[in-house]
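Structural overview for review
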Amino acid sequence: MASHQVYPTSTTLADGRELIYFDESPGVDRSAPDSRDLPTVEHHSQVRYDALAGEWVAIAGHRQTRTYLPPANLCPLCPSTPENASEIPASGYDVVVFENRFPSFAGSGPAAGTAGEPADLTATRPGNGRCEVVCFTSDHHATMSQLPASRVRTVLDVWTDRTRALGQHEGVEQVFCFENRGIEIGVTLDHPHGQIYGYPFVTPVTARMLEQVAAHREAHGGNLFAELLAREIDGPRQIAANEHWVAFVPFAARWPIEVHLYPRRRVPDLPALTDGERDAFVPIYREALLRMEGLIPEPLPLITAWHQAPVRTGREDWWMHLRLTSIRRAPGKIKYLAGSESAMGAFINDTTPESVAVSLREVAL
Ligand SMILES: [Zn+2]
């Protein structure tokens, strides 16, 4: 199979932010200018060190004024029309990426710190990094699972391109590609889109996993990811598999609906996938989404999270994977992060991973 091609064109919006068209065919005219009169983007992000948690917290007060659920005819992620000058100047697009107007992290400079605690107990650093928005389609009402296979493949290639690009941005320690979907989890725009964060630190969840992986290697030898994956392959919680990928409900799932997708071969991040692995990702990703969406006949609030190795550390042991999680626990019912989860970090799951796996396998596709 010939490798999938995308054609990027980088442009500049009225306020200086970068916008990149990723076209599925060559030679598309991308010269339409941004006609808006936009104020310069102001960002005063900083990261502060929480010495008790040993974690960095981003303080981004300028994000309070961001756009909240505009009507569909004024969507800032739809192509521009004479009535609606959106974020995308063109009258149509395939996939487009642009710098977030309300970034949690922006600017170039040193990273906050790679490891260990800063000497200053109230350390503050600039919130350097980059936050991007990815529009998966110009169709306001589509969802990822309804997109043609070729488009899903384009989105995968765009995540890959951005992982590489943001990893080269000064001060970025980790790149996170994700999608928040559903008003239940606070999504402020309906249009099908995801985000990409380049953080100026290794995120707490990743740092914790790397500690576990290192401790396991020290105590037992071997790769913790590999051993866990081996227990899931063809096991009671597997929900889908193909030549290159396996999808399962994890042993200690935290969320009412949770599915992890692993490549069978260890790779640290998206750029390390082969063409064959990319092609094989598309059908299993769509199958996992359709099974999750088919569990309950309501729009599914969903978080799609690519867990990639940090840019500079832990790459030789990391096993990149995708986590799909939903807070929907039953029709009309939401699992909220309340006292135990929010305050103590102790998750209580009201479903069993094995029964959820059975239900997911039984969804008629
Ligand atoms: Zn839209």
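Look up a bit, the structure's there.
Here we summarise the structure given alongside this text. Given the structure is predicted, the values throughout are model-derived calculations rather than measurements. (Residues numbered from 1 in each chain as written. Predicted model: local features only at pLDDT ≥ 70, side-chain atom pairs only at ≥ 80, totals over all residues.)

Let's talk about the sheet that holds strand β10 (residues 238-241)
Strand order in this open sheet of 11 strands is β1-β2-β5-β7-β9-β8-β13-β14-β12-β11-β10, and the pairing throughout is antiparallel. Of all the strands in the sheet, the pair left with one neighbour each is β1 (7-12) and β10. With direction set aside, neighbouring strand axes in the sheet form an average angle of 20°. In terms of strand pairing, strand β11 (residues 245-248) meets strand β12 (residues 257-263) through four bridges, oriented antiparallel. Residue pairing for β12: A247 is matched across the bridge by L261. Lying on the sheet, helix α1 (residues 149-167) is in contact with β1, β2 (18-23), β5 (95-99), β7 (130-135), β8 (174-181), β9 (193-199) and β13 (302-307); it crosses β8 at an angle near 140°. (Pairing = 2+ DSSP bridges. Helix = DSSP H or I, 4+ residues; strand = E, 2+ residues; numbered from the N terminus. Axes fitted to C-alpha atoms, helices over the stretch in contact; angles between N-to-C directions. Contact = placed C-beta atoms within 7 Å.)

Brief notes about the pairing of β12
Burial within β12 is extensive, with seven of its seven residues counted as buried. The alternating pattern of β12 places I257, V259, L261 and P263 on one face and E258, H260 and Y262 on the opposite face, and all of these are buried. (Buried ≥ 20, exposed ≤ 12 C-beta atoms within 10 Å, placed from the backbone.)

Some remarks on the sheet that holds strand β4 (residues 55-59)
A sheet is described by the order of its strands in space; here three strands give the open sequence β4-β3-β6, paired in antiparallel fashion. Two strands lie at the open edges of the sheet, namely β4 and β6 (124-126), each paired on one side alone. The mean angle between the axes of side-by-side strands here comes to 30°, regardless of whether they run parallel or antiparallel. Where strand β3 (residues 46-50) lies against β4, five bridges are found, and the strand directions are antiparallel. Within β4, the residue paired with R48 across the bridge is V57.

Regarding the nonpolar core
Within the largest apolar cluster, 77 residues are counted, with the highest numbers of intra-cluster contacts made by V96, I239, A247, L261 and A288. With seven residues, the top contributor of residues to this core is helix α4 (residues 275-295). Residue contributions to this core reach at least three from each of two domains, namely domain 1 (7-203) and domain 2 (206-362). For A288, the residues in contact, after removing those within four places along its chain, are I239, A240, A247, V259, L261 and L324. (Core = buried A, V, L, I, M, F, W, Y, C linked by C-beta atoms within 7 Å. Domains from an automatic or database assignment.)

The analysis is restricted to geometry; functional conclusions fall outside its scope.
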